[in-house]
Amino acid sequence: MTTLVVCLDRGGDFTSVADPPIVGVEAVESLVTEFGVGDPEDSRVNCLLEGLRVARDLESDGEEAVMAVISGRGETVGVSRAVARQTEQLLDEHEPDSAIVITDSTEDERLVPIIESRVPVDAVDRVVVRQAHDIESTYYLLKQFLADEELRETVLVPIGAALLAMPILLLVVNSVTMALGAIAAAIGLLLLYKGLGIDEYVETLPGQIHSALYSGQVSLVTYVVAVGLALIGLFVGALGMSTTGSNSVLILAMRFGFDAITWLTAAALAASTGRLLDELLRHEGVRNAYLNLPFAVVAIGLVVRGVTGYFLERANVLASLTISKIDLGVVSVEGFTLAPGTRLAIFLLAGIVVSLVGVRFAAYFSETNIEEELVETPAE
């Protein structure tokens with residue numbers, strides 16, 4: 001079995017010494033000496049030495065090895081034709097069964113398919129000088145990075161925009177700290193925008209709205225209503241915080257939750273009801289999750305209202321709940337004031353009752369019993 005060991009030289013520097021192809025171990029050793037003395041740092045010297053090592057190892061294993069150097073110079077087409085011509089010459093003279101190609105750069109590896117189309121190539125051995133391995137690897141990684149359009153848009157565009165914005169912000173705000181803070185905030189928002197997949201959602205949003213408009217989905221209207229109610233809830237919560245008269249973060253948060261939770265619950269109830277109606281219109285049956293969702297929303301709202309009210313009462317921000325006198329003819333109930341703990345217990349109990357009613361309601365309409373509903377697994 002004869003193996004052709006080929007060292008590729010795309011730059012054509014070896015053509016100044018001899019006419020390629022250069023064949024034989026002695027001829028290649030002479031070439032190594034001449035080029036190594038002239039420029040010991042030349043990576044092509046390592047390529048030739050690697051070829052000699054491979055040829056020696058093959059011969060020690062009992063195979064016949066033909067050592068050769070193929071070189072070309074000029075434009076891409078000229079180099080490719082020179083490599084093809086020299087490869088065919090070697091095949092005619094030595095008739096090898098296979099070949100092993102030695103290269104020292106990615107540029108040389110582009111010529112491998114030319115040899116591969118004429119003789120089976122068992123291996124491609126790329127030689128990289130050990131001291132320059134990290135530098136060369138970094139160079140080719142950067143080259144691949146710059147060739148990827150999506151990566152360029154994701155990384156280079158924000159960096160370029162930040163560098164352009166920096167001098168403008170310095171002129172406007174006249175403060176390095178504020179300028180760096182603004183740029184850092186903008187880059188942070190961009191990273192969150194890409195990292196959370198918001199860009200993909202925004203990209204598909206017009207299509208979803210178009211589909212919802214033409215398919216007659218009730219949820220589209222209820223979602224708009226939910227957004228409006230949520231905005232009202234946020235406004236009411238912020239207004240309540242401004243009139244609290246306390247600097248405690250905990251008290252302000254409890255006040256915001258107490259005032260806003262009613263509107264936020266109504267918003268969630270509107271959105272879940274619209275989703276439930278869509279399911280009823282599309283399918284003959286409705287999954288238990290959609291049937292139970294409105295009740296779960298109301299239950300959570302009651303619990304949050306009770307907990308936040310308890311904290312506000314204990315902080316003397318909210319007055320205790322007073323029940324007026326009830327007179328129903330024969331039956332008369334005197335007015336009384338609920339203690340903070342009692343009021344909290346009533347809201348928590350109401351939330352649990354509403355949640356259980358939702359489970360029972362969903363079980364009834366899905367033709368299951370309450371025991372099956374409570375032990376139903378998520379995979380069903």
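Residues numbered from 1 in each chain as written. Predicted model: local features only at pLDDT ≥ 70, side-chain atom pairs only at ≥ 80, totals over all residues. Heavy atoms only, no water.

**Remarks on the side chain of Glu313**
- Checked against the element boundaries, Glu313 lands in helix α12 (residues 288–314).
- Among all residues touching Glu313, those that are not within four sequence positions of it are Leu318, Ala319, Ser320, Leu321, Leu338, Pro340 and Arg343. (Helix = DSSP H or I, 4+ residues; strand = E, 2+ residues; numbered from the N terminus. Contact = heavy atoms within 4.5 Å.)

**Section: the UniProt feature "transmembrane region" (unreviewed entry) in the chain**
- The UniProt feature table records "transmembrane region" (unreviewed entry) at residues 155–173, 179–197, 218–240, 260–277, 289–312 and 344–363.
- Across residues 218–240, the secondary structure splits into 100% helix and 0% strand, with the terminal C-alpha atoms separated by 33 Å.
- Secondary structure within residues 260–277 divides into 100% helix and 0% strand; the distance between the first and last C-alpha atoms comes to 26 Å. (UniProt positions renumbered as here; feature names shortened; annotations may be inferred.)

**Thoughts on the sheet that holds strand β2 (residues 22–23)**
- Taken in spatial order, the 5 strands make up an open sheet running β2-β3-β1-β4-β5, and their pairing is mixed. Each edge of the open sheet is held by one strand with a lone partner, namely β2 and β5 (121–126).
- Here 5 bridges tie strand β1 (residues 2–9) to strand β4 (residues 98–103), and the two strands are oriented parallel to one another. Counterpart to Val5 in the pairing with β4 is Ile100.
- The strands touched by helix α2 (residues 43–60) are β1, β3 (64–71), β4 and β5; relative to β1, the strand with the most contacts, the crossing angle is about 175 degrees. (Pairing = 2+ DSSP bridges. Axes fitted to C-alpha atoms, helices over the stretch in contact; angles between N-to-C directions.)

**What to know about the environment of Ile261**
- Relative to the elements of secondary structure, Ile261 occurs in helix α11 (residues 249–282).
- What makes Ile261 buried here is its relative accessible area of 13%.
- A C-alpha to C-alpha distance of 8.6 Å links Ile261 and Leu302, two positions 41 residues apart in sequence.
- Residue contacts for Ile261: discarding those within four places in its chain leaves Gly301, Val304 and Arg305. (Buried < 20%, exposed > 50% of the residue type's maximum accessible area, 1.4 Å probe, protein only.)

**Section: the packing of aromatic side chains**
- Enumeration over the complete set of coordinates arrives at 1 aromatic pair.
- Ring geometry for Tyr310 versus Phe311: centroids 6.1 Å apart, planes at 75 degrees, classification edge-to-face.
- What makes Tyr310 partly exposed here is its relative accessible area of 26%.
- Of note, Arg305 hangs over the ring of Phe258, and the distance from its end group to the ring centre comes to 3.8 Å. (Phe/Tyr/Trp six-rings, centres within 6.5 Å; stacked < 30°, edge-to-face > 60°. Lys NZ or Arg CZ within 6 Å of the ring centre and 35° of its normal.)

**Some thoughts on unusual backbone geometry**
- Of note in this structure, Glu95 is not a glycine but carries a positive phi near 50 degrees.
- Of note, Glu95 is situated in the loop between α3 (76–94) and β4.
- When its relative accessible area of 62% is taken as the criterion, Glu95 is described as exposed.
- The residue Asn316 is not glycine, and still its phi comes out positive at about 60 degrees.
- Relative accessible area serves as the criterion here: at 70%, Asn316 is assigned to the exposed category.

**Re α3**
- Given a rise of 1.5 Å per residue, 19 residues ought to cover 27 Å, and the 27 Å separating the end C-alpha atoms of α3 matches this to within 8%.
- Here α3 has its buried residues at Val79, Ala82, Val83, Ala84, Gln86, Thr87, Leu90 and Leu91.
- The inward-facing, buried residues of α3 abut β1, β2, β3 and α5 (112–116).
- In the segment just after α3, Glu95 is the residue with positive phi, at about 50 degrees. (Expected span 1.5 Å × (residues − 1).)

**Here's the deal with the pattern of salt bridges**
- Counted according to the given criterion, the structure contains 6 salt bridges.
- Residue Asp57 pairs with Arg53 through a salt bridge whose shortest N-O separation is 2.7 Å. Taken together, the positions of Asp57 and Arg53, both in helix α2 and 4 residues apart, correspond to about one turn of that helix.
- The partner of Asp57 in a salt bridge is Arg56, with the nearest N and O atoms 3.7 Å apart.
- Overall, the relative accessible area of 27% leaves Asp57 in the partly exposed class.
- One continuous salt-bridge network, built from bridges that share partners, spans Glu50, Arg53, Arg56 and Asp57. (Salt bridge = Lys/Arg side-chain N within 4 Å of Asp/Glu carboxyl O.)

**Points about the environment of Val54**
- Here Val54 lies in helix α2.
- In this structure Val54 comes out as buried when scored by relative accessible area, which is 10%.
- For Val54 and Asp125, which are 71 residues apart along the polypeptide, the C-alpha to C-alpha distance reads 9.5 Å.

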